[in-house]
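Take a look at the letters that make up each chain.
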Amino acid sequence: MPRTQPNIIITGTPGVGKTSHCDVLAVNTGLKHLSINRIVKDRGCHDGWDDEHQSWIVDEDKLLDSLEDELPLGGHIIDWHACDLFPKSWIDLVVVLRTDSTKLYDRLKARKYPEQKLQENLDSEIMEVLLDEARGSYDQGIVVELRSDEADDIEGNVGRIETWIKHWEQDQVASAA
Ligand SMILES: Nc1ncnc2c1ncn2[C@@H]1O[C@H](COP(=O)(O)OP(=O)(O)OP(=O)(O)O)[C@@H](O)[C@H]1O
Ligand SMILES: [Mg+2]
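The structure presented is a predicted model; accordingly, all values stated were derived computationally and were not measured.

What to know about the UniProt feature "binding site: ATP" (unreviewed entry) in the protein
Mapped onto the present numbering, the UniProt feature "binding site: ATP" (unreviewed entry) falls at Gly-15, Gly-17, Lys-18, Thr-19, Ser-20 and Arg-111. Of note, Gly-15 is situated in the loop between β1 (7-11) and α1 (18-29). Look at Gly-15 and you get buried, because 25 C-beta atoms sit within 10 Å. Not counting chain neighbours up to four residues away, the residues in contact with Gly-15 comprise Leu-104, Arg-107, Leu-108 and Asn-121. One can find Gly-17 in the loop between β1 and α1. C-beta crowding within 10 Å serves as the criterion here: with 24 such atoms nearby, Gly-17 is assigned to the buried category. The contact partners of Gly-17, leaving out residues within four places of it in the chain, are Leu-97, Thr-99, Ser-148 and Ile-154.

Encoded structure:
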């Protein structure tokens, strides 16, 4: 069954603004916001807690198993700092958010990130790790890089994604006719 609503990944380094974007996008579009961090925790898709990185050790097979019934149906916004594990056939658009490193530093500092974790994330942003991951995992045509430096960027980006969704849905109707 072809999807009538798209699945969109919003990804990027921790602190770039994924959740801030997904919250607004979910309200404006009615698409379902899937916070993968919350799903990993709530559905037990992990092999325990990593104290050093202060995060769950994700069991990717369990995570995919827990999503395989709902995700392919469409209508989801996936909020996560990784994207390469989702099958290409499930995904219609990948948005990689990018942030200026001094701004990212301030945001992570405000969250009281330990120095080592903060530095790792800054390096990852500067080295474009998530952008490379997205480009290496999905067709170039569905990967979009957007800036998330200022509060106004959120509104602008969400507007662009909403326009994209409208076109995608029109294309689906046209190709089904
Ligand atoms: N475009 C922006 N301009 C200014 N501040 C922003 C912007 N995007 C996010 N922020 C702020 O940065 C902080 C981190 O944002 P958010 O929680 O949305 O990031 P995230 O990418 O979801 O992080 P994580 O990967 O840790 O879940 C929040 O305090 C948020 O208000
Ligand atoms: Mg978040």
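Section: the packing of α1 against helix α7 (residues 151-176)
One way to put it is that α1 packs onto α7 with a least axis distance of 10 Å and a crossing angle of 45°. By the criterion of interaxial angle, the relationship of α1 to α7 is oblique. In this structure, the crossing between α1 and α7 has a hand that is right-handed. Touching Ser-20, His-21, Val-24, Leu-25, Asn-28 and Thr-29 of α1 are Ile-154, Asn-157, Val-158, Ile-161, Glu-162 and Ile-165, all from α7. Along the lines of polarity and charge, the residues of the contact of α1 with α7 split into six nonpolar, five polar and one charged.

Digging into the sheet that holds β1
Consider a sheet: its strands pair through backbone hydrogen bonds, and that pairing is either parallel or antiparallel. Judged by pairing direction, the sheet is parallel, and its five strands sit side by side in the order β2-β5-β1-β6-β7 without closing on themselves. With one partner strand each, in any of the chains shown, β2 (32-35) and β7 (143-147) form the two edges of the open sheet. Shown here is a sheet whose adjacent strand axes are inclined to one another by a mean of 20°, direction ignored. Relative to strand β5 (residues 76-79), β2 is paired through four bridges, and the arrangement is parallel. Across the sheet, residue Ser-35 finds its bridge partner in β5, namely Asp-79. Most of the contacts of helix α6 (residues 129-137) go to strand β6 (residues 93-98), to which it runs at about 165°, and overall it touches β1, β6 and β7.

Basis of the calculations
- Residues numbered from 1 in each chain as written.
- Chains lettered and ligands numbered in written order.
- Predicted model: local features only at pLDDT ≥ 70, side-chain atom pairs only at ≥ 80, totals over all residues.
- UniProt positions renumbered as here; feature names shortened; annotations may be inferred.
- Helix = DSSP H or I, 4+ residues; strand = E, 2+ residues; numbered from the N terminus.
- Buried ≥ 20, exposed ≤ 12 C-beta atoms within 10 Å, placed from the backbone.
- Contact = placed C-beta atoms within 7 Å.
- Axes fitted to C-alpha atoms, helices over the stretch in contact; angles between N-to-C directions.
- Parallel < 35°, antiparallel > 145°, perpendicular 65-115°, else oblique.
- Left-handed = near helix turned anticlockwise from the far one by under 90°.
- Nonpolar A, V, L, I, M, F, W, Y, C, P; charged D, E, K, R; others polar.
- Pairing = 2+ DSSP bridges.

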